[in-house]
Each structure stands twice: as structure tokens, then as C-alpha cells.
Amino acid sequence: VTGVLEQDGPSVAAGHATDPVTWLGGVLAVVAVIELTVLRIGTRTAVHIPDIEALETPYLGISTLGRTAYFVAVVVLVALLGAVTVSLVAQRAAGAAAAVTGVLLVALAARIGVAGGEVVAAVTIVAIGALSIRLISHTAGIQRLALAAMSAAPIVALSTLVVADSLGTGSRLELSGLTVGEALAVAAGLLSPLLVAGSKTTRSSWIALCVAGFGLLVMLVGAGSTTRILMLWNFGLSGYLPDPFYALAAATMAFTIARSLAMGHRNLAVALALLLMGGIGLHSTYQTGLVVAGFALLAASIDEIGTRTGAATRSV
Amino acid sequence: MSALTHPTRRHKSLFLGAVVVIALALQVLGANPAVSQGEALTAYSVFGDDDLLDPSVPVWDVADEIDVELTAQQVSYPFGGGSVPSVQVRALQSDGVLYMRVRWADETADTAGSAVDDYTDAMAVEFPSVVGSSVPALCMGQADSGVNIWQWRATNQDGLGDSANELFTDAQVDEYPSTDDLYFPARDLGNPVAVSGAGSTENLVAQGFGTLEDAQTGAVHGRGSWENEAWTVVVARDLVAEGDGQIEFQADTAIDTAIAVWNGDRHDRNGQKSVSQFVQLRLDDEIVEFNSGVPMSTVVPLTVAVAVLVALVIGFTLLLDKRQAAAGATETAETGEPPPNEVS
């Protein structure tokens with residue numbers, strides 16, 4: 001007797017470009033990359049340039065562009081979260097849909113000042129937990145390892161902050177918890193190729209691997225303090241582990257994203273990119289939204305996890 | 001409905017146009033839909049005759065306290081610091097003045113500044129010069145987004161320390177015969193470090209590394225006390241700004257705030273200091289009664305809302321898994337064939 005724990009309704013499988021979720025996800029990924037590159041990295045690095053005042057006009061133009069990209073990304077993010085919620089409801093994934101809705105509502109509550117950061121963090125932990133339960137329970141084999149590490153990293157990091165804050169404990173608990181979260185994030189990057197395991201690699205995926213890996217390694221070795229502070233601010237990674245770990249994790253994550261695109265699994269590629277750009281620090285409801293959107297997109301596109309449609313779905 | 005399920009190129013163009021219009025409107029209005037979710041501190045209103053600059057007055061007990069982690073400053077030379085792992089921060093507002101109280105453990109009170117190897121204990125709070133959607137770079141701000149810094153120094157609070165003759169009793173010290181400012185150029189130029197009686201706390205503005213300067217206008221007050229191997233320092237300023245580059249505080253607005261501490265015993269000075277990330281400060285005009293704690297009007301609905309939300313999410317997840325398992329088993333039993341995407 002075989003029972004399949006798979007969604008009953010239609011999924012957004014294969015990431016077809018005409019699907020609203022896939023299309024919105026693609027738009028968000030592009031705009032968020034611009035926001036990350038220009039605003040979170042570009043302007044924060046530019047302030048280190050001596051006599052930046054002499055370049056005030058171009059600097060202001062670039063930072064305005066970055067801020068515009070940020071606002072566009074926030075609007076598209078809200079639309080994507082709404083669309084993916086509808087998709088999850090259509091797949092009868094009510095729990096996952098409720099999780100996404102909960103994050104949207106608590107982010108709104110935080111915006112109007114009736115919920116604090118700790119409440120957002122608590123709801124986000126529950127939401128990521130609910131989405132990861134769906135993901136892990138509907139996949140099989142080695143893909144579960146990568147998915148477990150991906151969901152555990154922000155959950156551990158956020159839980160540590162919430163517990164340390166509520167108990168008023170010192171930095172020791174926080175430091176150890178955040179270090180575990182950081183190690184899990186690096187492990188998630190290293191394990192991410194499992195999500196496309198068994199498929200033929202392409203030149204583009206190897207190029208992505210080399211560019212991301214060597215690029216980050218050069219930045220860490222050449223401008224370590226600036227790169228680490230950018231990693232901390234943007235992704236919640238303190239740079240505690242040896243440099244090669246981060247370079248390898250970035251390389252394998254880039255490899256997986258490129259491979260997913262080559263396979264036509266656009267939702268998987270976009271989801272991984274959103275998880276990467278959200279990080280584990282979840283400094284703002286925007287970054288929390290990126291991470292939740294990444295997990296929700298994965299939960300709505302489970303068929304894309306694995307080498308072929310349904311390859312990774314679980315049977316019992 | 002088809003526009004939602006199968007959008008055409010025209011639909012997509014219209015949607016993108018609407019997104020850009022909404023985004024630009026939000027940007028122009030400075031209405032950021034997202035908020036920081038880091039540490040949050042609320043400055044409730046209190047009234048009475050207590051001198052809130054005194055760190056020990058009991059009225060401080062009504063204020064929220066948050067624990068803010070610090071790390072060594074590692075962005076710009078001189079690097080270093082990190083000997084103070086955390087500070088405990090409270091905030092209150094009263095009669096149009098914002099008070100921030102910062103407490104941290106320090107085994108030594110370094111208040112003298114007479115010898116060349118004496119370094120003072122100090123503390124600073126940093127705010128964006130303009131409250132809005134743009135958060136400046138943590139370290140000294142940036143060209144288009146400055147910061148306003150209030151720095152308290154133990155040395156200045158206690159004056160400029162003992163004279164050289166009192167410090168080194170066996171030494172012969174030549175001194176300038178004249179006490180005119182002409183012979184003390186730093187004092188003549190108004191350098192607050194050199195001017196005795198200039199106050200313990202300086203109001204500073206900056207727009208990037210190397211641009212830090214005295215704000216010249218706007219009085220910032222501060223007072224610190226060292227007891228039981230810990231400093232407790234209060235800094236305060238009117239909510240209304242008195243000059244360029246200085247923050248104008250508004251009620252119910254989230255304000256990013258960072259803390260820095262210099263440990264004189266570890267020779268901290270300049271960029272060698274312990275710094276925090278931005279934490280969020282919100283001014284709340286709700287008046288709290290002494291000894292009443294955080295207003296129950298905030299605690300009760302928040303707790304109920306969170307509990308209901310968490311219960312709903314967990315309940316939905318458990319219910320869904322049960323229903324899906326049952327549906328899958330029923331489907332398989334009815335058809336006798338596995339669904340097409342199953343791997344047996």
C-alpha cells in the first residue's frame with residue numbers, strides 16, 4: 001500500500017514564466033539584487049572612499065536609485081507573498097498559506113507600531129517552521145538535508161535572539177546560538193547542490209561557482225573588515241568561521257542557482273536567491289519577507305526540488 | 001480572473017507601472033512599509049519633579065530596559081575596543097526632553113586626563129540627523145545621511161583633573177607664567193576637551209569618517225555615576241532640534257539609535273571603542289505612572305494577539321498534515337494506482 005504525501009491541488013511546477021508566482025518571483029529577484037548591490041553594499045562601501053563629498057552628485061544619484069529599487073522590491077514582495085499564498089491555498093496547503101499570511105499581518109502590525117521586533121521574530125520562527133515542515137515532509141532523500149539546514153539557520157539565529165532578549169541574558173548564549181545559526185547557514189550553502197543532485201552540470205553553473213567562490217575569497221582576504229561588516233549587516237553573518245567556508249558556501253549556492261535556471265526550475269532558483277538576500281539576521285521586515293517568500297516559493301514548487309518532476313517527492 | 005491566473009504582457013506592463021508608481025509615492029512620502037525588527041526601546045512619558053539626569057532616581061524603574069550587545073569597532077582605523085560586551089539602556093521623556101540612561105560594567109572609573117597615558121571612560125549615543133526611511137551608515141553616517149552624536153566623557157564631568165604638581169609630587173614642573181587663553185591655543189579655540197566647565201556631554205554631527213565636529217548649537221546634558229564597578233550615565237536633550245544636522249524627535253516615530261562605549265582602562269579612544277548595531281527607539285506620549293511598569297494597554301492586547309496567531313498557525317499546520325495524509329491514502333485506495341509524480 002502506497003500513500004503519497006504530496007499536494008493535492010495544482011502546483012506552480014516547472015516555474016513557467018506565465019505563472020503569476022513565477023513571474024513575480026523573477027521580478028522580485030531582479031529588483032532585490034539591484035537593491036542589495038546598490039543600496040546595501042554600494043552606498044555602505046562608498047562611504048569609505050576618501051573625499052566622497054567630491055563625488056556627491058553621482059553618489060546621490062546612485063543612492064537614490066538604490067532606494068527606489070528598495071521601495072519597488074518591497075511592493076513586489078507584498079504582491080508575491082499574496083500570490084504565493086493564493087497558490088498554496090489552491091494546493092490545499094492551508095497551514096503554509098496561514099504561515100505566510102501571519103508574517104504579512106505581523107509585519108503590518110510592526111509597521112503601525114502595535115508589534116515589536118520580538119513578536120515579528122516569534123511569528124517568523126513559527127512560519128518558517130511550518131513551511132519547512134511541509135517542505136521536508138513532501139520531499140525525500142538527500143534533499144531533506146539541504147532543506148533542513150536552510151530552515152534551521154534562521155530559526156536558530158532568531159530563536160537565540162528572542163530567548164536571549166526575553167531572559168535578559170548576556171552575550172554568551174547569544175554568541176553561541178548565533179554561531180550555530182551561522183554554521184548552519186554555511187552548511188545550507190554547501191549542501192544546496194543536493195537540490196539539483198543527479199542532473200548534468202553546465203558551463204554556466206561552473207562559471208557561477210568560480211566567480212562567486214573566488215570573488216568572495218578575494219574580498220575576504222583583500223578587504224576583510226569591510227567584507228565582514230557587510231556580511232554582518234546584510235546577511236547576519238559575523239565572519240566567525242574561516243574564510244574558505246564562506247567562499248565555498250557562496251560558490252556552491254551560486255552553482256545551485258545557475259543549475260536550477262539551466263534546468264528550467266525558475267522558482268527554485270529564485271527561492272534560493274531570496275533566501276540568500278534575506279540572510280539569517282532578519283534585520284528588518286523586508287529581509288524577513290524575502291526569507292519567508294523564499295521558503296513559501298519552495299513550498300509552492302516542491303516538484304522543482306530534485307532532478308526531475310516528482311523525483312524527490314516522498315512515498316511511504 | 002484570467003489576468004490573475006494567466007497575465008498577458010499588457011497585464012504585466014500595467015502591473016509593473018502600478019508598482020513603480022506606488023514605490024515612488026512611498027519613497028517621496030518617506031513612508032517605508034518595512035521596519036527594523038532589532039532591539040526596540042520605548043521612551044514613555046513621565047511627569048514630576050524628579051531630576052531625570054540623576055541616574056539613580058527611582059522613576060527610572062518604570063522605563064523599559066533592553067540589553068544591547070557591543071562589539072569591537074572594525075570598520076575604520078584605529079580598530080579595536082570590544083572590552084565592554086553589553087550595555088543596558090533605558091529611555092524616558094519628560095517636559096519636552098528625551099533622557100537616555102546607559103549602564104555598563106566597568107571595574108575601574110577612569111576619570112583623570114592629566115597624564116599622557118590617561119584615557120577617559122566615555123559613552124555616546126548616535127541618531128540619524130533626519131528621521132526617515134534612510135538609515136545612515138552606522139559609523140559616522142554618510143554624505144547624504146548624517147548622524148547626530150551625544151558623547152559623555154568622564155574626564156569632562158570631573159573637570160580636567162588634578163594639576164601636574166599634585167599628580168607628580170616629586171617632580172618639578174614648569175608652567176606657563178600666564179593663564180591667558182593666548183597661551184592655551186586649544187582652550188582659545190574652544191576645544192571642549194580643553195575647556196574646563198564646558199560640560200560633560202558634547203553635541204556632535206558627522207557625515208562620514210573624518211567629518212565629526214561639534215554642533216556648536218543645541219545643549220546636550222549628561223551626568224554619570226560609578227558605583228559597584230559599573231557606570232550609569234544619563235544624557236538628555238530637548239526633543240526639538242536647535243541646529244543643522246541635529247535630530248528632531250517626534251512621537252510614535254521609530255528612530256535608529258546606536259551606542260558606543262570607550263573603556264579608558266583599556267586605552268580606548270577615537271575609533272577604538274565598543275559599538276552596537278542600531279536599535280530602535282520609539283517615543284510614546286503615553287504617560288506611565290511611577291511603579292506601574294509597562295502600560296497594560298500595550299501588554300495585554302499584544303500578548304493575546306500573538307498567542308492567537310501562533311495557535312492558528314500551529315493548528316492549521318497540524319490539521320493540514322492530517323487532512324493531506326487522509327486524502328492521499330483515500331485516493332490511493334480508490335484508484336489503486338499511485339499518482340503520476342510518485343516514486344515507489
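Presented here is an overview of the structure given in this document. Small disclaimer: the values here were computed from a predicted structure and weren't measured. (Residues numbered from 1 in each chain as written. Chains lettered and ligands numbered in written order. Predicted model: local features only at pLDDT ≥ 70, side-chain atom pairs only at ≥ 80, totals over all residues. Heavy atoms only, no water.)

Quick look at the overall build of chain A now. Counting its secondary structure elements, chain A contains 11 helices and zero strands. Beginning at the N terminus, the succession of helices and strands in chain A can be written as α-α-α-α-α-α-α-α-α-α-α. Per-residue burial over chain A gives 58% buried out of 316 residues. Partitioning the intrachain contacts of chain A with sequence separation of at least 6 by distance along the chain shows that 76% fall at a separation of at least 24. (Helix = DSSP H or I, 4+ residues; strand = E, 2+ residues; numbered from the N terminus. Buried < 20%, exposed > 50% of the residue type's maximum accessible area, 1.4 Å probe, protein only. Contact = heavy atoms within 4.5 Å.)

With that settled, consider the overall build of chain B. For chain B, the helix and strand inventory stands at six helices and 14 strands. Evaluated residue by residue, chain B yields a buried proportion of 43% over its 344 residues. Carbon and sulfur atoms provide 54% of the accessible area of chain B, an area that totals close to 17,800 Å². (Areas by Shrake-Rupley, 256 points an atom, 1.4 Å probe, with all protein chains shown as cover.)

Turning our eyes to something else, we now look at the pattern of salt bridges. Residues and elements named next belong to chain B. This model, assessed by the stated rule, comprises four salt bridges over all chains. Among the salt bridges present, the one from Arg-90 reaches Glu-65, with a minimum N-O distance of 2.8 Å. With a gap of 25 residues between them, Arg-90 in strand E4 (residues 86-94) and Glu-65 in the loop between strand E1 (40-45) and strand E2 (66-69) connect regions that are remote in the sequence. Here Glu-202 makes a salt bridge to Arg-153, at a shortest N to O gap of 3.1 Å. Here Arg-153 lies in strand E7 (residues 147-153) and Glu-202 lies in strand E8 (residues 201-206), a separation of 49 residues in the sequence. (Salt bridge = Lys/Arg side-chain N within 4 Å of Asp/Glu carboxyl O.)

Residues and elements named next belong to chain B. Of the two faces of E2, the one lined by Ile-66 and Val-68 and the one lined by Asp-67 and Glu-69 are each fully buried. Note: E2 against E4, four bridges, orientation antiparallel. Bridging across to E4, Val-68 finds its partner in Val-87. (Pairing = 2+ DSSP bridges.)

Turning next to a nonpolar patch on the surface. Together, Leu-108, Ile-112 and Val-114 of chain A give the surface a local cluster of nonpolar side chains, amounting to about 300 Å² of exposed area. Relative to the elements of secondary structure, Val-114 of chain A occurs in the loop between helix H3 (94-111) and helix H4 (117-137). (Patch = residues over 30% accessible without salt bridge, like charges linked within 9 Å, V, L, I, M, F, W, Y side chains within 5 Å.)

With that settled, the discussion passes to the side chain of Arg-101 of chain B. All names here are of chain B. Take Arg-101: it is sitting in strand E5 (residues 97-105). For the buried Arg-101, no salt bridge exists, and the shortest N-O distance to an oppositely charged side chain is 4.1 Å, to Glu-65. Looking at Arg-101, its side chain comes within polar contact range of the main-chain oxygen of Pro-55, at 2.9 Å. Residues in contact with Arg-101, not counting those within four places in the same chain, are Pro-55, Trp-60, Glu-65, Gln-88, Val-89, Arg-90, Thr-232, Val-233 and Val-234. (Lys, Arg positive; Asp, Glu negative; His and termini not counted. Polar contact = N/O pair within 3.5 Å; in protein donor to acceptor, adjacent residues only side chain to side chain.)

Take the packing of aromatic side chains next. Inspection of the entire model under this criterion finds nine aromatic pairs over all chains. Ring geometry for Tyr-70 of chain A and Phe-71 of chain A: centres 5.3 Å apart, planes at 70°, overall edge-to-face. For Phe-71 of chain A, a relative accessible area of 1% corresponds to the buried category. Where Trp-152 of chain B meets Trp-231 of chain B, the ring centres are 5.0 Å apart and the plane angle is 65°; that geometry is what we call edge-to-face. Of this pair, Trp-152 of chain B sits in strand E7 while Trp-231 of chain B sits in strand E11 (residues 230-238), placing them 79 residues apart in sequence. The class of Trp-231 of chain B is buried, set by a relative accessible area of 3%. Counting every residue linked through ring pairs, the aromatic cluster contains Tyr-70, Phe-71 and Tyr-286 of chain A. (Phe/Tyr/Trp six-rings, centres within 6.5 Å; stacked < 30°, edge-to-face > 60°.)

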